[in-house]
Amino acid sequence: MIRMEQSMERIDILSMTKEELTEWIVSLGEPKYRAAQIMEWLVRGVGFSEMKNLPLPLRTKLEAHAYLAAAAPVKKLVSSDGTIKYLYRLHDGEAVETVFMRYQHGNTVCISTEAGCPMGCAFCASTLKGLSRRLLPSEMLSQVIETQKDIGERISGIVLMGIGEPLDNYDNVIKFLHLVASPDGLNIGYRHISLSTCGLVDKIQRLAEENLPITLSISLHAADDETRSSLMPVNKKWNLEALLPACLDYFEKTKRRISFEYTLVEGKNDRRADAQKLADVLYRYCAGMPLHVNLIPVNPVRERGFQPSNQGSIRRFAEALESRRITATVRRRLGSDIDASCGQLRAASLE
Ligand code: SAH
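Presented here is a report on the structure given in the accompanying data block. What you see is a predicted model; the values in this text were computed from it and never measured.

A short note on the packing of aromatic side chains
So, step 1. If you walk through the whole model with that rule in mind, you get 2 aromatic pairs.
So, step 2. Taken together, a centroid distance of 5.3 Å and an interplanar angle of 10 degrees make the contact between Y86 and Y88 stacked.
So, step 3. By relative accessible area, which is 1% here, Y86 ends up buried.
So, step 4. Classification of Y88 by relative accessible area gives buried; the value is 0%.

The structure is reproduced here in structure tokens:
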């Protein structure tokens, strides 16, 4: 369903698929091929008035009946490692963060799916002031388009690991995935898209039915319910006994590998015994699938007071997992000099 901007009844053009756009353009009394022309401009981040191959009356009609939910860059921080963080302003004044990362396997952008976050994870800056609102498909797409425009290079991968819980904004996120993967859109293959969730089990089950070969990441962060509930309130609704079997089901239905995210907080979840517990719980519920854990030293957030584990503990934790045949990678802390962890820039902009 296409959302109308309430006051002006204008259509959110960037949230439309090629088919929807074509239908709409035809309903305005225009020939079909105009939809293809408009789409080409839209994916390049070009506004209506700049769509040079459209006749002026059509451009005027577009201005009157549609709006472009474009993310406008208001702040840009460039890290010494090449990571770039943007603060983008949305049309209603909300702000979200987008991070550009250059990897060997290609240019990747980390996008936000919500302005703020309702999930309340104890270590995360995005959730400090709760959820303001969910983003439209167009607003997620625009983060990719504007970033690609700014760097002048093709973006080939996306991670939904910015501000917000993607599965809390389920329908809009699914629509965004269809739009961004479409050959008429940015044509970024599902296999180059990762979605990270704190573990909304009902939505993981739905996602398994969508048949999208994306990569699912599960934010685990603890191997027992007591620790996990203290870090992630969502665990009180869906604990490990609910979440981990749902992960195995997802793997069995989709045959897509899942990766587990584990943020290491000094003295909280980073001892060798915690690694053993993690291996135990993964084998208990997920023995039927390949097991891979991404270890992320917690990025300290001023308001939270958690400290990252030291190099020695991180190495020992990884070794303990490896010795149980669970592959572990330690996530490089890209952009740590520019507050690249979720929500830190937005939080600062709200102060
Ligand atoms: N809502 C999604 C996406 C969040 S951000 C989710 O929960 O998965 C992506 C990852 O960064 C998550 O694993 C999240 O738990 C983690 N994260 C959030 N704040 C962090 C911090 N301060 N340090 C390290 N990792 C953090």
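So, the sheet that holds strand β13 (residues 258-264)
Whenever strands of a sheet pair, they do so through backbone hydrogen bonds, lying parallel or antiparallel.
So, step 1. One open sheet holds the 10 strands; their spatial order is β4-β5-β6-β7-β10-β11-β12-β13-β14-β15, and the pairing between them is mixed. Single-partner strands in this sheet number two, and they are β4 (72-78) and β15 (327-330). In this sheet, adjacent strand axes meet at a mean angle of 25 degrees when their direction is disregarded.
So, step 2. Bridging between β4 and strand β5 (residues 84-89) involves 6 bridges; their strand directions are antiparallel. Bridge pairing links K75 to L87 in β5.
So, step 3. Set on the sheet, helix α4 (residues 137-151) makes contact with β4, β5, β6 (95-103), β7 (106-110) and β10 (157-160); between it and β5 the angle comes to about 130 degrees.
So, step 4. Here helix α5 (residues 170-181) sits on the sheet and contacts β10 and β11 (193-197); the angle it forms with β10, its principal contact strand, is near 175 degrees.

How each quantity is defined
Residues numbered from 1 in each chain as written. Predicted model: local features only at pLDDT ≥ 70, side-chain atom pairs only at ≥ 80, totals over all residues. Heavy atoms only, no water. Phe/Tyr/Trp six-rings, centres within 6.5 Å; stacked < 30°, edge-to-face > 60°. Buried < 20%, exposed > 50% of the residue type's maximum accessible area, 1.4 Å probe, protein only. Pairing = 2+ DSSP bridges. Helix = DSSP H or I, 4+ residues; strand = E, 2+ residues; numbered from the N terminus. Axes fitted to C-alpha atoms, helices over the stretch in contact; angles between N-to-C directions. Contact = heavy atoms within 4.5 Å.

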